[in-house]
Amino acid sequence: MANVLRNSAKFGFSGVLSQLSIHSRHGRECVSPCFSLQQRNNSTSPKIKVDLDNSTGVAVLRMQSPPVNSLSLDFLTEFCINLEKLEMDKSCRGLIITSTLSKVFSAGLDIMEMYGKSPERCGEFWKAVQEMWLKLYGSNMATIAAINGSSPAGGCLMSIGCDYRIMADNPRYSIGLNETQLGIVAPFWFKDTLVNTVGNRAAELSLELGLLYSAPDALKIGLVDQLVPEDQVLSTAQDTMSKWLAVPDHARQITKSMMRKQTIDKLLSNREADITNFVSFITKDSIQRSLRMYLEMLKSRKA
Amino acid sequence: MANVLRNSAKFGFSGVLSQLSIHSRHGRECVSPCFSLQQRNNSTSPKIKVDLDNSTGVAVLRMQSPPVNSLSLDFLTEFCINLEKLEMDKSCRGLIITSTLSKVFSAGLDIMEMYGKSPERCGEFWKAVQEMWLKLYGSNMATIAAINGSSPAGGCLMSIGCDYRIMADNPRYSIGLNETQLGIVAPFWFKDTLVNTVGNRAAELSLELGLLYSAPDALKIGLVDQLVPEDQVLSTAQDTMSKWLAVPDHARQITKSMMRKQTIDKLLSNREADITNFVSFITKDSIQRSLRMYLEMLKSRKA
Amino acid sequence: MANVLRNSAKFGFSGVLSQLSIHSRHGRECVSPCFSLQQRNNSTSPKIKVDLDNSTGVAVLRMQSPPVNSLSLDFLTEFCINLEKLEMDKSCRGLIITSTLSKVFSAGLDIMEMYGKSPERCGEFWKAVQEMWLKLYGSNMATIAAINGSSPAGGCLMSIGCDYRIMADNPRYSIGLNETQLGIVAPFWFKDTLVNTVGNRAAELSLELGLLYSAPDALKIGLVDQLVPEDQVLSTAQDTMSKWLAVPDHARQITKSMMRKQTIDKLLSNREADITNFVSFITKDSIQRSLRMYLEMLKSRKA
């Protein structure tokens, strides 16, 4: 993060950076939080793999879009389609989200979706980000994030959209809504979700400073619920899920809705304004210039 | 709890169970949280004993309705009448609530008030539950729960309605709003009171999973304020009360109202709808069938 | 505090005491929380000293109004003028507030502003208290309280109006909104700020009992963020500020506004009513009698 900041300062960067991860021409993996140069993968191979165990009613959704599971429009669309399928499948009661990649859960929103794109396209992208959160935070399934790597910005949003968070006990992995560090502002529904998870004061500090928390620090403030050795993240998620599924679905679902409905309704009733906000911000000349400079910096660093 | 769940599953039970305790034909005490078979006691002997010490201005309200201080309509009515008397008695400034029974503070709402009863009667019962909470959460007295035994569901609601909670330091005693475990949903004002006490995230986990916390775990999440050896629960409550009464009444009362008024007003302005909701739910054929099966299961277990 | 309470009881005091500090004829320093007799200083020497380091963009505001930095109308006016100047100075990005006095940060509101004054003057005073909080809680600067002494009542309000709190690690220094202990009620915006800082339950306990927390206890409940040795309070604040200023101003400012706007707007839209409330309370005969008795008691104690 310190490096990112130094570079940001050095390059006079002040734009939309932290929700983003970007694609390099070289595809070298970069697990430093938030950003990476990543080979754009235009293949039609799925970015997400879902396995539903009919005997347990538990689906495992594996994000497998190297190098860092960037949340591109394609990725988000695939994610939402999978989520919707599972939601409508009565045999599926629980969902575990994890990553097939080494060291990273998800690096967050894909910067390439915001650079040099038309307002229409940017709006479509932002709508998909909203959709991902709405579907996840309001899911009728019991949802557990099996966080087996770093999870900044959009990756953190996905994690706190679940019912429970189990993270690899590795101090080199970090998680947080670090948007502010990079000159942008987490929208109100990111903020509301964080406040609901860690309380007002921890959220205030976290968002004003754009903090990324190491796994142990994330546990301390309640940003994740449990740390386990890296090779036990998924199995612990499975064990934990069986406890969640011991609760009658109907009562759990109504209770979850009672806890989260107000936060969800706030976005639903401001959805268009939130998209307009995002698009008008991201298409500003100054922001686009910042994005270009940032992209060039990252590319030259990789060269 | 695990047993209750297993049995619930086994008997296909999905109804209103956790706010409830029920009466057996045999009166054997059962301190397993939430449920018990309890001899229906039609005697007119008071279920509640109140001692007001005029020298200190502190009343001790002892719940003495064996075996588990079930919150029946009679019990709640007696409770509210006593509370109202104390509230109007200017010499009474502080109230300590405790139990005369071994191992249990209160097992919560009485299941028999909801089985085979007319909608009118069910509505009357639910209104009494509301009344108990409204009177307690909004009391002008300083109120301390001296929790000398388990306190699930309605017993937990009564505890978190007080200003301060002192619990016996016994890991076999548990406390929590465990409704969800048993197929029902804690209403919004149970939820609001819990959120006000332990914060949003702990309340979310607690309610979605219907968790019962052992006394030490309850202390950790702030569901109770203090643990003391079992034989010191009441004396510690008395000592603590003297600190509360050192604060000028008027300022404490206005401050308490400032903290709690919004939560109370929310029920007051939705009271009829909340009763209608409860009655329409509890009188459903499916719920009544579940209640009957559950009662039969408990009776046969006791036989 | 115990002494204050004993004296309050002894003298039948039930009025506005805790937000207050008062001036003695002898100027003997009194660091017991909330109250002090303090020589009224009519000199025109500034009560506040501001040093802005143009190389860092950080201003240090030193409160230097002996003996206890009472928040009089003059003091508050000077404070607000300085804050406004810094706010408009583009070269100033961060503000550290500290005290030049030994053992006290600020003892809170000046009781003499409320005794024997006209309603108009009382209203003017209260408006200045509101203004101090509005300017501080909503400041675009990064603000750090370097709390190098006790900080009850209004001093606590000033502290929790900042973005971050560093306190001297001295268990004899205390901090808290202790108004209730002295018969008065912290207004809703004091309460809201405290809830935002320590959460609902800790705020409830704190305000109902009018608790003052020793520095270590204040850290435990999150009322301050960090304790350091007394001689390192200011240097740690400087170091911490450099981390805050590493975050892009614009993003930090919008994020801060997103976190605090609702709380600020609540006072803005109730400002006149809040003044009317205060004035009608403080000018009551009973309150004025209490103030006079309290003043006489303190003066005789000093004699």
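Per chain, the residues get numbers from 1 upward, laid out in the order the sequence is written. Written order determines the labels here, with chains lettered from A and ligands numbered from 1. Reporting in this predicted model follows two pLDDT cut-offs: at least 70 for local features of residues, and 80 or more for side-chain atom pairs to be given and counted; totals over whole chains, interfaces and linings ignore these cut-offs and use all residues. The side-chain quantities take in all heavy atoms of the structure and omit both hydrogens and water.

Please clarify how the overall build of chain A should be interpreted in this entry.
Of the regular secondary structure elements, chain A holds eleven helices and eleven strands. Here the term buried applies to any residue with accessible area under 20% of the maximum for its type, exposed to any over 50%, and partly exposed to those in between, with areas from a 1.4 Å probe on protein chains only. Here chain A holds 303 residues, and the buried ones make up 60% of them. A sequence separation of at least 24 residues applies to 76% of the contacts in chain A between residues at least 6 apart. We get accessible surface area from the Shrake-Rupley algorithm with a probe of 1.4 Å; when it comes to residues, only the shown protein chains can shield them. Total accessible area computed for chain A in this model is approximately 11400 Å², and 51% of it derives from carbon and sulfur atoms. Where helices and strands are cited, they refer to DSSP runs of H or I of at least four residues and of E of at least two residues respectively, numbered from the N terminus. It only takes one pair of heavy atoms within 4.5 Å for two residues to be counted as in contact.

In this structure, what is going on with the interface of chain A and chain B? I would like to understand it.
Counting residues at the interface gives 20 residues for chain A, matched by 20 residues for chain B. Defined here as a combined quantity, buried area equals the accessible surface (1.4 Å probe) lost by two parts on assembly, summed across both. Across the chain A to chain B interface the summed buried area is about 1600 Å²; carbon plus sulfur atoms make up 64%. Salt bridge, as used here: a side-chain nitrogen of Lys or Arg that lies within 4 Å of a carboxyl oxygen of Asp or Glu. The tally of links from chain A across to chain B stands at two salt bridges. In this structure, R201(B) and D225(A) form a salt bridge, with 2.8 Å as the shortest nitrogen-oxygen distance. Two N or O atoms count as a polar contact when they lie within 3.5 Å, although within protein this holds only if one can serve as hydrogen donor and the other as acceptor, and sequence-adjacent residues are included solely when both atoms are side-chain atoms. Remark: the boundary between chain A and chain B carries four residue pairs in polar contact (both at pLDDT 80 or more). Elements with a contribution of two residues or more to the side of chain A that touches chain B: β8 (164–168), α5 (188–198), α8 (233–244) and α9 (249–268) of chain A. Ranked by residue count, the leading element in the side of chain A that touches chain B is α9(A), at eight residues. Of the residues that constitute the side of chain A that touches chain B, the class distribution is ten nonpolar, three polar and seven charged. Note that Gly is not counted as nonpolar here; it falls among the polar residues with everything else outside the nonpolar set of Ala, Val, Leu, Ile, Met, Phe, Trp, Tyr, Cys and Pro and the charged set of Asp, Glu, Lys and Arg.

Just checking my understanding: could you explain the relation of the copies chain A and chain B for this structure?
Superposing the two chain copies requires a rotation about an axis and a translation along that axis. Residues below a pLDDT of 70 in either copy are left out; the C-alpha atoms of the rest, at least 70 in both, set the least-squares superposition of the copies. The two copies are related by a screw motion: chain A maps onto chain B through a turn of 120° and a shift of 0.0 Å along the axis, at an RMSD of 0.0 Å. Within this description, the copies of the chain are treated as partners about a three-fold rotation axis. Relative to the rotation axis, the C-alpha of G199(A) is the closest in chain A, positioned 4.2 Å from it.

Sorry, what's going on with the sheet that holds β8(A) here?
Backbone hydrogen bonds are what pair the strands of a sheet, in a parallel or an antiparallel way. Residue and element names in this part refer to chain A. In this description, strands pair whenever DSSP reports at least two bridges between them. Strand order in the open sheet formed by six strands is β2-β3-β4-β6-β8-β11, with mixed pairing between adjacent strands. Either end of the sheet is taken by a strand with one partner, and the two such strands are β2 (48–53) and β11 (226–228). Within the sheet, the average angular offset between the axes of one strand and its neighbour, ignoring direction, is 20°. Where β8 lies against β11, three bridges are found, and the strand directions are parallel. Opposite A168, over in β11, you have V228 as the bridge partner. Between N-to-C directions, angles cover 0 to 180 degrees, with each direction set by a line fitted to C-alpha atoms, over the stretch in contact for helices.

For this particular structure, what's the right way to read the packing of helix α2 (residues 73–88) of chain C against helix α3 (residues 119–137) of chain C?
Residue and element names in this part refer to chain C. Close contact between α2 and α3 brings their axes to 9 Å; oriented N to C, the two are set at 35°. As for how α2 packs across α3, the hand of that crossing is left-handed. Of the residues in α3, those touching α2 at L73, L76, F79, C80, L83, E84 and E87 are R121, E124, F125, A128, V129, E131, M132, K135 and L136. A crossing counts as left-handed when the near helix is turned anticlockwise from the far one by less than a right angle, and as right-handed when that turn is clockwise.

Just to check I follow, could you spell out the packing of helix α3 (residues 119–137) of chain B against helix α10 (residues 271–282) of chain B for this structure?
Between two packed helices, both the angle of their axes relative to each other and the distance between the axes serve to describe the pair. All names here are of chain B. For the pair α3 and α10, the least separation of the axes is 9 Å and the interaxial angle reads 130°. By the criterion of interaxial angle, the relationship of α3 to α10 is oblique. You can see that α3 and α10 cross each other, and the crossing is right-handed. Contacts between α3 and α10 pair P119, C122, G123, F125, W126, K127, Q130, E131 and L134 from the former with R271, D274, I275, F278, V279 and I282 from the latter. Looking at the contact of α3 with α10 residue by residue, the class counts come to nine nonpolar, two polar and four charged. For classification purposes, angles smaller than 35 degrees are called roughly parallel, those larger than 145 roughly antiparallel, those between 65 and 115 roughly perpendicular, and all remaining angles oblique.

How do you make sense of the sheet that holds strand β2 (residues 48–53) of chain B when you look at a structure like this?
Residues and elements named next belong to chain B. Ordered by their spatial adjacency, six strands build an open sheet running β2-β3-β5-β7-β9-β12, and the pairing between neighbours is mixed. In the strand order of this sheet, the two ends are held by β2 and β12 (226–228), each with one partner. The sheet shows a mean angle of 20° between the axes of neighbouring strands, direction not considered. On top of the sheet, helix α2 (residues 73–88) reaches β2, β3 (58–63) and β5 (94–99); it is set at about 15° to β2, its chief contact.

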